[in-house]
Structures are given as C-alpha cells and as structure tokens.
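Below, each chain spelled out in residue letters.
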Amino acid sequence: MLNGKEIVLIISGGIAAYKSLDLIRRLKERGARVVPVMTSGARKFVTPLAVGALAAEKVFTDLFDREAEHDVGHIRLARDHDLILIAPTTANLMAKMVHGIADDLATAVLLATDKPVLAAPAMNPKMWQNPATVRNLETLQKRGIRFVGPASGEMAEKGEAGVGRMSEPLEIVAAAEAVLRDQRAEAGELPLAGRHVLITSGPTHEPIDPVRYIANRSSGKQGHALAEAAYAAGARVTLVSGPVELPDPANITVVPVESAADMLKAVESHLPADIVIMAAAVADWRMASEGAQKIKKDGSGKPPALNLIENPDILATIGHHTSLRPDLLIGFAAETQNLLQNARSKLERKKADWIIANDVSPETGIMGGDANTVRLVSKDGVEDWPQMDKTDVARQIIARAAAALTGDKGS
Ligand code: CTP
C-alpha cells in the first residue's frame with residue numbers, strides 16, 4: 001500500500017531509535033522509498049552506516065552539508081516527498097516544532113514542509129505527562145500533525161513503566177498508510193471516500209458442545225482482501241469475521257464472531273452501509289441445542305445423533321430488509337456443481353445485486369489458496385473473469401462496486 005511513496009524518515013535521539021532500523025525494513029517491504037534524516041542525538045544511538053545500508057539511500061545529517069545544500073537540499077527534502085515521518089519523536093523535538101525552531105536539518109525540514117507529518121513519540125512517561133509536553137501535543141495536533149502512539153509498557157529505564165514507548169514498526173507503517181490514504185480521500189482521488197463498506201469473511205464455527213464445533217475450510221483470504229481493497233479505495237470498512245488465522249487488517253474495524261447467529265447480529269448492528277459484501281462461508285446448520293457438557297461415548301458403540309437446525313441466512317435477511325438493505329448487496333456462491341444455475345437462483349432468492357460465483361471443487365485449490373476464478377452474475381448477465389490472485393479479484397470487485405455506486409459504468 002506504500003508502493004511508489006517517498007517517505008522522509010526523521011530519526012531523533014532516543015533509545016527507541018533502534019526500532020527505526022526495523023521500521024525502515026517494514027516501510028520498504030510495503031514498497032516505499034525511505035530517505036533518512038538523523039539528528040545528532042539519533043547518531044548517538046544508531047549509526048548512519050546502519051540506517052543508510054537498510055534504507056539503501058544517502059543519510060542526511062547536516063543542515064550545512066556542502067554537497068546536499070548546493071541546491072538548498074533541506075527545502076527539497078521538505079517538499080519533494082509524500083510524507084515526513086518522525087520516529088522516534090523526542091519531547092525536545094516536539095517542543096522545537098511548537099516554537100518553529102530550525103537549528104538543525106531535521107527541524108529545518110519540519111519548518112519548511114507542506115507535506116503531511118506523522119510523529120511517533122518516544123519518551124519517559126513523566127516527560128510525556130509533563131504539562132509542557134501535553135500542551136505541545138495539543139498545539140501540534142491542532143496544526144494537523146498526526147501522531148501514532150506512544151504505547152504503554154516497560155521503559156528502558158530500570159523499573160519504570162507507563163505511557164511513552166514508541167509504537168511498534170508495523171503500527172507506524174499502518175498509521176503512515178492511513179495518513180496518505182486520508183490525504184488522497186480528501187483530495188477527491190478515491191472513489192469510496194465517505195462511504196461505509198461492510199464485509200463478512202471467514203468460516204463460522206457452530207458449537208456442538210463446549211469442546212467441539214462444526215466448521216468449514218474457508219480461510220478468509222478473499223474477504224480480508226476485499227476489506228483491504230475497500231479501505232484503499234477510500235471507504236470506512238467494517239469486517240465481520242469468523243475465526244481465521246489471518247492478522248487483522250490495519251485501519252479497519254474488525255468485529256470477530258464465532259457462529260452464524262453472532263455474525264447476523266454483528267452485521268445488523270454495524271449497518272447501515274453503502275456496500276455490503278458477504279464473502280463468509282456461513283455454516284448452513286447448527287445444533288438444535290448446544291450441549292452444556294462434553295458429549296461422552298455411552299458404551300453402546302452407537303454415535304450420538306446430532307440434531308441440526310438451519311442457520312439464519314444473513315445475505316437473504318439483509319437482501320429482504322426494508323431499512324437495512326444497502327445500495328449494493330453482493331454475495332458469493334461457492335459451488336462444486338451447476339455453478340451458474342445455483343448462482344442465479346441465489347441472486348434471486350437472496351435478493352442480492354451481484355453474486356460472485358466460484359467453483360470450489362477440491363481440484364481448483366480455491367478454498368484456502370491464493371488464487372480465485374470467479375464469474376460476476378447479475379440481472380444483466382454473466383461475466384467470466386480470468387484466474388487472478390485473491391487480492392486482484394478483490395480490487396476488481398471494489399472498483400466495479402465503486403463504479404456502480406457512483407453511476408460510472410467503469411470497465
Ligand atoms: N450466506 C449467508 N448466510 C447463510 C448462508 C450463506 O449470508 N446462512 C451467504 C454467503 O456469505 C454467500 C451466499 O450467502 O454470500 C451464498 O453462500 P453459499 O454457501 O454458497 O450458499 P448457501 O445459501 O449455503 O446455499 P447452498 O446450501 O445451496 O449452497
């Protein structure tokens with residue numbers, strides 16, 4: 001999500017500077033170019049050699065660098081990039097920013113920039129709570145500077161704990177993505193800005209007794225990819241997810257559920273939404289009554305009768321709802337035979353606008369795999385899509401959904 005983005009990373013002087021090394025790696029993994037600026041304090045904790053090697057870039061340290069300043073390098077650093085990220089941000093640097101002090105390269109860049117600034121503070125809890133810092137934080141926030149953290153936990157100082165630890169690199173990466181995405185949404189560059197998208201994902205688990213449950217092989221990969229694609233397209237996203245092994249996507253409200261009944265409740269309580277996509281593989285049946293105790297073998301050699309009843313159909317419930325039905329309702333049809341016929345019948349029966357039909361026969365490897373071959377079934381007909389990665393399927397569905405919502409026919 002940071003593909004092609006250019007980030008100036010200002011490292012100021014705190015013990016958390018060691019985490020900046022990992023942060024550089026994480027930012028680069030996501031496709032960003034990282035241009036490091038180090039204060040003299042930062043250079044006491046980590047070396048420019050390590051920072052430069054990880055970033056694979058020249059490290060800027062001096063305001064009066066003859067080589068960099070022949071064309072006013074600090075102004076170019078401040079203006080020619082997409083984001084200025086300060087990690088760690090010390091109490092001292094915050095104070096200097098408040099007062100517009102520009103006595104080194106980092107502060108000169110911060111004073112001269114017209115780009116978004118994201119700060120990850122790191123300091124002793126007493127310094128963080130000091131009224132001077134509290135006031136500085138308020139002032140900087142009012143000026144539009146965004147903050148991530150600090151988190152609470154143990155300090156480097158022996159026996160001290162509290163709020164002041166720098167956020168973990170992955171949280172900082174997620175915050176950087178959020179800042180850049182919000183900026184694009186505000187600039188009107190993202191089609192789903194201001195829209196709410198709700199997605200169901202993963203399997204459901206239907207308890208048999210306190211230790212056993214009925215489940216299916218859904219991995220949640222397609223639903224989670226849809227949530228990330230909707231977020232990247234500017235939407236506020238709610239992801240109602242059954243139990244999956246995947247990490248929660250960043251910047252998305254994740255509502256974890258277990259059973260189909262929980263999923264229906266969670267969906268209803270998070271609606272209304274402009275677009276709802278039901279990618280979850282909801283179990284069709286649950287136990288008529290869940291045993292309070294573990295079911296034991298009774299010695300007769302006969303298995304117990306599992307008395308099943310049908311689960312509520314979440315897609316159909318929302319499709320037929322008079323007030324909660326979204327502008328665009330999309331379901332999936334996971335089939336092992338008669339794909340199109342079943343998809344068309346689900347479209348009608350569940351009152352969906354589109355059904356994304358896929359053949360989940362074991363030989364396709366779709367269930368749990370990374371690729372998907374789908375067909376988009378709507379009242380206008382059937383479209384065959386080529387085999388794609390689940391993330392590309394997600395991007396296509398979201399692009400089509402955004403186009404349908406805004407009346408743009410799209411491609
Ligand atoms: N679905 C749902 N609630 C259910 C069952 C399914 O919301 N209780 C949704 C799924 O999320 C999917 C669509 O309905 O978007 C179709 O799911 P699928 O399992 O393919 O269909 P079923 O309704 O279970 O039909 P069948 O048993 O005939 O396959």
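What comes next concerns the included structure. The structure presented is a predicted model; accordingly, all values stated were derived computationally and were not measured. (Residues numbered from 1 in each chain as written. Predicted model: local features only at pLDDT ≥ 70, side-chain atom pairs only at ≥ 80, totals over all residues. Heavy atoms only, no water.)

What follows is about the sheet that holds strand 4 (residues 117-121). Read from one edge to the other, the open sheet built from five strands follows the order 2-1-3-4-5, with strand pairing classed as parallel. Each edge of the sheet is formed by a strand with only one pairing partner; in this case those strands are strand 2 (33-38) and strand 5 (146-147). Direction of pairing for strand 3 (residues 83-89) relative to strand 4: parallel, over a ladder of four bridges. Of the residues in strand 4, the one forming a bridge with Thr89 is Pro121. (Pairing = 2+ DSSP bridges. Helix = DSSP H or I, 4+ residues; strand = E, 2+ residues; numbered from the N terminus.)

A few words now on helix 5 (residues 91-99). For helix 5, the set of buried residues is Ala91, Leu93, Met94, Lys96, Met97 and Val98. A positive phi of about 70° marks Gly100, the residue just after helix 5. (Buried < 20%, exposed > 50% of the residue type's maximum accessible area, 1.4 Å probe, protein only.)

All right, on to the site of the ligand then. Around the ligand there are 14 residues in total, and Met278, Ala280, Phe332, Lys346 and Lys350 lie nearest to it. Interatomic distance of 3.1 Å between a backbone N/O atom of Ala334 and an oxygen atom of the ligand. When residues of the shell around the ligand are traced back to their parent elements, those giving at least two are helix 12 (314-319) and strand 16 (328-335). When the residues that make up the shell around the ligand are grouped by side-chain class, the tally is nine nonpolar, one polar and four charged. (Near = heavy atom within 4 Å. Polar contact = N/O pair within 3.5 Å; in protein donor to acceptor, adjacent residues only side chain to side chain. Nonpolar A, V, L, I, M, F, W, Y, C, P; charged D, E, K, R; others polar.)

Membership of the largest hydrophobic core comes to 34 residues, with the highest contact counts inside it found for Leu192, Ile199, Leu226, Ile275, Ile277, Ile330 and Ile397. Elements that contribute at least two residues to this core include exactly strand 8 (196-201), helix 10 (221-232), strand 11 (236-241), strand 13 (275-278), strand 16, strand 17 (354-359), strand 19 (374-378) and helix 14 (390-405). Sort the elements by how many residues they give to this core and helix 14 lands first, with seven residues. Once you skip the residues sitting within four places of it in the chain, Leu192 turns out to touch Val197, Ala230, Ala233, Gly234, Ala235, Ile275, Ile398, Ala402 and Leu405. (Core = buried A, V, L, I, M, F, W, Y, C linked by side-chain atoms within 4.5 Å. Contact = heavy atoms within 4.5 Å.)

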